[in-house]
Structure formats: C-alpha cells, structure tokens
Amino acid sequence: MNKLKMLSHLLIFPALLFIVGFAFTGCGKEALKTVGNPEDARTVILKNESGMTLTELRLKIGEGDKAEEKTLQMTEGFAPDERRQIHLPETGNAKCALVVKTEENTERILHDFPPADMKEGAIRFENYENQSIAFLAYISEESKKDMTTRDAECKIADEVKKAAEEAAEKMKKEEAERQKKEEAERKEKEEAARKAKEEAERKADEAVSEDPGQPEAPVAPITPKAPVAPATPVAPAAPAAPTVNDNGCVNDAILN
C-alpha cells in the first residue's frame with residue numbers, strides 16, 4: 001500500500017510540473033520575444049532566415065513623399081533562425097515596406113510587405129546580380145498559398161541597376177561634352193590671341209612705313225688737309241776749334 005502511494009506521488013509530481021509549464025507558456029506555444037508596441041492592432045510572427053543579426057526594423061506606410069516611417073521597438077538583436085512576435089500599427093489598405101538594418105550597419109528593403117495578408121513569414125537575404133536583396137516568404141491569409149516576394153524584389157533590383165547604369169552613362173556623356181566645350185573655348189581664345197597679336201604687329205609695321213621721321217642732317221664735306229712742307233735740312237755743325245793747354249798741347253796732344 002505504501003509502495004502504491006509512493007508510486008502515485010512520483011507520477012503526479014511530473015504531471016503537475018507539465019501542467020504548470022503548459023499554462024505559463026501559453027497553452028504549449030513557444031514563448032517569443034516581441035518587436036514593436038504590444039498595444040498595436042496587428043501581430044505577425046517573423047523568422048529571421050537572413051543569416052545575419054538584425055538590429056532594427058522600420059515599417060514604411062504609404063508611398064512617395066507622403067510615406068510615413070515608424071521604427072519598431074526592439075531591445076536586442078534579432079538573431080539568425082530566431083522567431084519573433086512583431087506588433088504592427090494599423091495600416092489599412094496602404095502599401096507597406098519593411099526596412100531591415102543588420103549588424104553590419106547596412107540596410108535592405110522588403111518593398112512589398114503585406115501585414116494584412118499574413119500571420120507568419122520569414123525574412124530572407126539573397127545575392128542577386130551582385131546585389132544583396134531582401135525578400136519575404138509567407139502563407140497568404142487570403143489564398144492559403146505559399147507566397148514569396150523574391151521575383152518582385154529581383155525586378156526592382158534590375159530596375160535600380162539599370163537606372164544606375166543609365167545615370168553613369170549620362171554623367172559620362174556630360175563630362176565628355178564639358179571637356180569638348182572647354183577644349184573648343186581654349187582653342188578659340190588662343191586663336192583670338194594669335195589674331196590680335198598679328199593685327200598689332202601689322203599696325204606697328206604700317207606706322208613705321210608711313211612715318212617719314214626726322215630728316216637726316218647733311219653730312220659736312222671733308223676739308224682736305226694742307227700739304228705738309230718738306231723738312232728743311234739741318235746744316236752740319238762746324239768743327240770745334242782746337243784748344244791749347246798750358247803745356248802747349250792741342251786737345252791734349254803735344255805740339256812739336
């Protein structure tokens with residue numbers, strides 16, 4: 001009897017634990033972290049299948065300049081393969097997009113995000129034509145079929161790439177035209193300067209040829225030099241007279 005009571009106690013205790021856990025986890029459902037304001041009208045469940053941690057989600061409601069953007073409250077990163085409960089504001093029939101920001105501080109846009117036609121979906125990234133695109137996979141509430149926005153996102157990526165290529169080509173042509181115009185203007189200025197110089201030189205030459213200037217002073221005739229008179233010959237000097245000294249000698253010679 002005691003053994004039966006002990007066995008029943010052993011069986012009842014795990015059952016109670018199961019019931020308590022069942023009640024506190026919401027009738028056996030997975031307890032999910034939340035994103036956004038819990039008081040907002042609509043709730044969807046999203047799984048992060050992007051392979052990256054998401055750090056921010058922003059909902060864009062409407063299109064063009066009138067679009068309204070709301071940041072969804074998130075206290076911690078949305079990890080890869082994690083499922084979260086996303087609370088969304090009422091959007092009515094407005095077209096919506098979801099902007100996702102990653103741990104690398106890069107952003108991608110899910111351009112067609114249908115809060116009214118889904119209860120659960122997954123965010124996925126893909127490298128398409130050297131562009132990283134984000135798209136949504138979900139089950140449509142209206143058609144009950146598996147849906148994906150991949151093709152639409154690829155089409156948008158193609159349009160963006162084409163627009164970028166056209167813009168680059170336009171910029172290239174504009175730059176070529178600008179350089180061509182500058183070259184033409186430079187040559188035109190050089191030609192104008194050359195012509196102005198030639199005109200100035202021509203006018204200077206004309207001024208010189210037309211101006212007689214000051215008459216040259218007549219050159220005085222050269223006066224012929226007077227003939228030089230021939231030199232008068234000098235007569236030879238007379239011989240000096242002999243001198244006699246006291247001894248009777250002439251010019252120191254003894255006279256006999």
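Look up a bit, the structure's there.
None of these values were measured; they are calculated from a predicted model.

Engineer: Give a description of the sheet that holds strand 8 (residues 118-128) that names residues and reports values.
Structural biologist: The pairing of strands in a sheet happens through backbone hydrogen bonds and is either parallel or antiparallel. Reading across from one edge, 1-5-2-8-9-10 is the order of the six strands in this open sheet, with mixed pairing throughout. Edge positions in the sheet fall to strand 1 (33-35) and strand 10 (146-148), since each of these pairs with one other strand and no more. Averaged over all neighbouring strand pairs, the angle between strand axes comes to 30 degrees, with direction disregarded. As paired elements, strand 9 (residues 131-140) and strand 10 share three bridges and run antiparallel to each other. Residue pairing across strands places Y138 opposite M147, the latter belonging to strand 10.

Engineer: Quick one: what's the story with the sheet that holds strand 6 (residues 96-102), residue by residue and with numbers?
Structural biologist: Pairing in this open sheet of four strands is antiparallel, and the strands run 4-3-6-7 from one edge to the other. Strands with a single pairing partner mark the edges of an open sheet, and in this sheet they are strand 4 (68-72) and strand 7 (107-110). Adjacent strand axes in the sheet meet at a mean angle of 25 degrees, parallel and antiparallel pairs treated alike.

Engineer: Please provide a residue-by-residue account of the nonpolar core, values included.
Structural biologist: Judged by nonpolar contacts, the single largest core of 24 residues is most densely connected at L46, L57, I86, L98, F113 and I123. If you list the elements that add at least two residues to this core, you get strand 2 (42-49), strand 3 (54-61), strand 5 (83-88), strand 6, strand 8 and strand 9. Per-element accounting of this core gives the leading share, four residues, to strand 3. Non-local contacts of L57, meaning those with residues more than four positions away in its chain, are made with V35, K70, T71, L72, M74, F78, I86, L98, V99 and V100.

Engineer: Provide a residue-level description of the side chain of R84, including the pertinent values.
Structural biologist: Note that R84 resides in strand 5. Polar side-chain contacts of R84 include one of 3.3 Å to the backbone oxygen of E76. A polar contact of 2.9 Å, which involves the side chain of R84, links it to the side chain of E82. Filtering out sequence-adjacent residues up to four positions away, R84 remains in contact with L32, K33, T34, V35, V44, I45, L46, M74, E76, G77 and F78.

The rules behind each value
Residues numbered from 1 in each chain as written. Predicted model: local features only at pLDDT ≥ 70, side-chain atom pairs only at ≥ 80, totals over all residues. Heavy atoms only, no water. Pairing = 2+ DSSP bridges. Helix = DSSP H or I, 4+ residues; strand = E, 2+ residues; numbered from the N terminus. Axes fitted to C-alpha atoms, helices over the stretch in contact; angles between N-to-C directions. Core = buried A, V, L, I, M, F, W, Y, C linked by side-chain atoms within 4.5 Å. Buried < 20%, exposed > 50% of the residue type's maximum accessible area, 1.4 Å probe, protein only. Contact = heavy atoms within 4.5 Å. Polar contact = N/O pair within 3.5 Å; in protein donor to acceptor, adjacent residues only side chain to side chain.

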